[in-house]
Amino acid sequence: MVIQKPCVVALTWKLSDAQGAAIDELADPVEFYFGGDDLLPKVEEALEGQATGFEAHLHLEPEHAFGDYDSELVCFENRALFPDNVEPGMRFEGLPEGHVTPDMPEDTIYTVTEVYPSHVVLDGNHPLAGLALRLHLMVRDVRAASEEEIEAGSVGDAPFGVAGMVAAPERLQ
């Protein structure tokens, strides 16, 4: 089957930064909806019209991957607004109730980058923002998308999610 919208592709890949440092690897095939939100547009461009067995080496500049790093998406919030066990690397959907930083997007996943006695530093950038990436991918299978997948525009929670990169984030209350 040829890859065309809508279908589901099973991929394996190795993702690294521009210097070749490993970031992510899918050794076992994972399914992604082709023609929805599961894959980056440049990845879909490379896959369009291909079939099982296709292999590609892509170089993705930040504007074709997760965007440039935006220092305005970094904020400092009162330590008391967070759970006692807060630590760098934790991720939260939106800012905590009672936050003091104005004009920050509410629908963003924030990563804790630093924890101090008086405040916590949050970063709303995608973890790969500002990075040029190398992606070596291989198409392991192609199949027709189900009606449910077509309606959802996705096969579900893609683990790396070239488009996602976030497992279910915690919600601060």
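In this text the structure is predicted, and so the values were computed from the model without any measurement.

(A) Structural view of the nonpolar core. Grouped together as the largest cluster of nonpolar side chains are 27 residues, with contacts concentrated most on Val-9, Val-43 and Leu-47. Of all the elements in the fold, those that place two or more residues in this core are β1 (7-17), β2 (22-34), α1 (41-47), β3 (55-60) and β8 (133-144).

(B) Representation of the confidence of the model for the chain. Per-residue pLDDT for the chain averages 89, and the proportion of residues at 70 or more is 90%. Ignoring residues within four places in sequence, the model shows residues 159-173, a span with pLDDT below 50, making 38 contacts including any to other chains.

(C) Spatial organisation of the pattern of salt bridges. Applying the stated rule across the entire model yields 3 salt bridges. In this structure, Glu-45 engages Lys-42 in a salt bridge whose closest nitrogen and oxygen atoms are separated by 3.6 Å. Placement of the pair is Glu-45 and Lys-42 together in helix α1, with a separation of 3 residues, close to one helical turn. In this structure, Arg-143 engages Glu-149 in a salt bridge whose closest nitrogen and oxygen atoms are separated by 2.8 Å.

(D) Region of interest: the packing of aromatic side chains. Applying the stated rule across the entire model yields 2 aromatic pairs. Aromatic side chains Trp-13 and Phe-32 sit 5.2 Å apart centroid to centroid with 25° between the ring planes, which places their arrangement in the stacked category. Of this pair, Trp-13 sits in strand β1 while Phe-32 sits in strand β2, and the two are 19 residues apart along the sequence. For the pair shown, Trp-13 and Phe-32 are each scored as buried.

Reading the values: the criteria
- Residues numbered from 1 in each chain as written.
- Predicted model: local features only at pLDDT ≥ 70, side-chain atom pairs only at ≥ 80, totals over all residues.
- Heavy atoms only, no water.
- Core = buried A, V, L, I, M, F, W, Y, C linked by side-chain atoms within 4.5 Å.
- Buried < 20%, exposed > 50% of the residue type's maximum accessible area, 1.4 Å probe, protein only.
- Helix = DSSP H or I, 4+ residues; strand = E, 2+ residues; numbered from the N terminus.
- pLDDT = per-residue confidence, 0-100.
- Contact = heavy atoms within 4.5 Å.
- Salt bridge = Lys/Arg side-chain N within 4 Å of Asp/Glu carboxyl O.
- Phe/Tyr/Trp six-rings, centres within 6.5 Å; stacked < 30°, edge-to-face > 60°.

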